[in-house]
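# Fold and geometry: a report
What follows is the residue order along each chain.
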Amino acid sequence: MRLQELEDLQWFPHWMRTHQMEFLRYMADRFRLYEPVLPVLKSLLSKNADSPWYDACSGKGGPVLWLNKQLPHAGSVVLTDRYPQAIEHLPANVQVLQRPVHLPDELPGTNGLLSFFNSFHHFSEEEQTILLQKAVVAKRPILIAEIVQPTLLSGVSVLLSTTLGQWLFAPFIKPFRWHRLLFTYLLPVHVFTTLYDGLVSVARSSSRKQFEELAAAATTKNYRFRFQQMQGRFAMVYVLVGEPSPPSPHPLPL
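These lines cover the structure that appears in this document, whether it is placed above or below. Keep in mind it's a predicted model, so treat the numbers as computed, not measured.

This brings us to the side chain of Arg-180. Secondary-structure assignment places Arg-180 in helix α6 (residues 178-186). A distance of 2.7 Å separates polar atoms of two side chains, one belonging to Arg-180 and the other to Glu-22. Reaching out from Arg-180, the side chain makes a polar contact with the backbone oxygen of Pro-175 at a distance of 2.9 Å. Setting aside anything within four residues of it in sequence, one finds Arg-180 in contact with His-19, Glu-22, Ala-170, Ile-173, Pro-175 and His-190.

Here it is, written out as C-alpha cells:
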C-alpha cells in the first residue's frame, strides 16, 4: 500500500495524466470491460431515479459514458475527480464537476448513487473503510467495480494491455494527438508510465476475501453490502454493492 500510482501524484504532468486516462477509457469501452455490471447498475439507478449519479475518480469519463449510453437513464450524471479533466462531446445528462474532490475527506454530492470504477484500489484500507462508512451514514447506495485483482492472470493482462495495447491502439484513441504517437513509439514514455501504474494497481488491489471482510465490517442492520464476481468476455469484475436495507414489511408494534 506504500506504492502510489503516478497519476495520483500532484507533480505528475497534466498532459501525461490526460493521455493515460484517454487510453484507459478507450480500452474499457472498446472491450466492454464493465458490461457485466450493467444489470446491477440499472437496478441501482432505477431505485434512485430522482437523485444524481455521482462517479468518483472519473478521469476522462470511462467507463461511465459508455455505461450511460447502454441504459435507459435520463437522470443527471456527475463526473468527479481529484484532478478534473476536460471531456469533449458530453451527453446532455452528463456534466463534469470542475472543482477537485478530495476523497475520503468528502463525498461528491449529498445524495444519489456513488460509483467507483477501477479506482477503489487507489485508497488505503483505512480510507476504503472511511468511504464505506460515510456512504452508510449518508444512506447513499454505492457501487464499486474492479477489474484488477491481486493475481498472476491480472498482472499478465495488465502487462499486455499497457504495452501491446498501446502500440496497437494509440493511433485510434480520440482525440487524435501527434504527441501521443511520439511518446508511445519514438520515446515510449507513456508505455512505461502506464505499465508502472497498472502493475501498482494490481499490487494494491483487494482479493475477494478482503472485499468480503470489508463489506461485513461496514454492514449494519439498516445498510447492507453484497459482493459478486462477474465474468466478462475479457476480464473478471469484482463488484461490491452497498445500499440501505428496505424497511421491514411487518414492523414490530410499539
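Having put the structure on the table, let's press on.
Turning our eyes to something else, we now look at the nonpolar core. Ranked by internal contacts, the top residues of the largest apolar core, which has 30 residues, are Tyr-34, Val-37, Leu-41, Trp-53, Leu-79, Phe-117 and Leu-143. Broken down by secondary-structure element, the contributors of at least two residues to this core are α2 (38-47), α3 (64-70), β2 (77-79), β3 (94-96), β5 (142-146) and β7 (236-244). A total of five residues in this core trace back to one element, the largest contributor, which is α2. Of all hydrophobic cores here, the second largest spans 25 residues; its members include Phe-120, Leu-131, Leu-132 and Leu-240.

Inspection of the entire model under this criterion finds 14 aromatic pairs. Pairing Tyr-26 with Phe-169 gives two aromatic rings, centres 5.6 Å apart and planes at 45°, and the pair type is tilted. One end of the pair, Tyr-26, is in helix α1 (residues 14-30); the other, Phe-169, is in helix α5 (residues 152-169), with 143 residues separating them in the sequence. On the accessibility criterion, Tyr-26 (15% relative accessible area) is buried. Taking 6.1 Å as the distance between ring centres and 85° as the angle between the ring planes, the aromatic pair formed by Phe-116 and Phe-123 counts as edge-to-face. Connected via pairs of aromatic rings, a cluster forms that spans Phe-116, Phe-120, Phe-123, Phe-211, Phe-227 and Tyr-238.

Below, the discussion takes up the pairing of strand β6 (residues 223-231). Here β6 runs beside β7; their pairing, made up of nine bridges, is antiparallel. Bridge pairing in β7 links Arg-224 to Glu-243. The loop that links β6 with its antiparallel partner β7 comprises four residues.

In this section: the packing of α1 against α5. Two numbers describe a pair of packed helices, the interaxial angle and the distance between the axes. Between α1 and α5, the least distance of the axes is 11 Å, while the angle of their chain directions is 90°. With respect to their mutual orientation, α1 and α5 come out roughly perpendicular. For the pair α1 and α5, the contacting residues are Phe-23, Tyr-26, Met-27 and Arg-30 in the first and Ser-161, Thr-162, Gly-165, Gln-166 and Phe-169 in the second. Broken down by class, the residue content of the contact of α1 with α5 amounts to four nonpolar, four polar and one charged.

Read from one edge to the other, the open sheet built from seven strands follows the order β3-β2-β1-β4-β5-β7-β6, with strand pairing classed as mixed. The two strands at the open ends of the sheet, each matched to only one other strand, are β3 and β6. Across the sheet, the mean angle from the axis of one strand to that of its neighbour is 20°, orientation sign disregarded. By the bridge criterion, three bridges tie strand β1 (residues 53-56) to strand β4 (residues 114-117) in an arrangement that is parallel. Bridging across to β4, Ala-56 finds its partner in Phe-116. The sheet strands contacting α2 are β1, β5, β6 and β7, and the helix crosses β7 at an angle near 20°. Taken strand by strand, helix α4 (residues 125-138) contacts β4, β5, β6 and β7, and its axis lies near 125° from that of β6.

Rules used in this analysis
Residues numbered from 1 in each chain as written. Predicted model: local features only at pLDDT ≥ 70, side-chain atom pairs only at ≥ 80, totals over all residues. Heavy atoms only, no water. Helix = DSSP H or I, 4+ residues; strand = E, 2+ residues; numbered from the N terminus. Polar contact = N/O pair within 3.5 Å; in protein donor to acceptor, adjacent residues only side chain to side chain. Contact = heavy atoms within 4.5 Å. Core = buried A, V, L, I, M, F, W, Y, C linked by side-chain atoms within 4.5 Å. Buried < 20%, exposed > 50% of the residue type's maximum accessible area, 1.4 Å probe, protein only. Phe/Tyr/Trp six-rings, centres within 6.5 Å; stacked < 30°, edge-to-face > 60°. Pairing = 2+ DSSP bridges. Axes fitted to C-alpha atoms, helices over the stretch in contact; angles between N-to-C directions. Parallel < 35°, antiparallel > 145°, perpendicular 65-115°, else oblique. Nonpolar A, V, L, I, M, F, W, Y, C, P; charged D, E, K, R; others polar.

Note that every value here comes from positions in space, so none of it alone points to a role or purpose.
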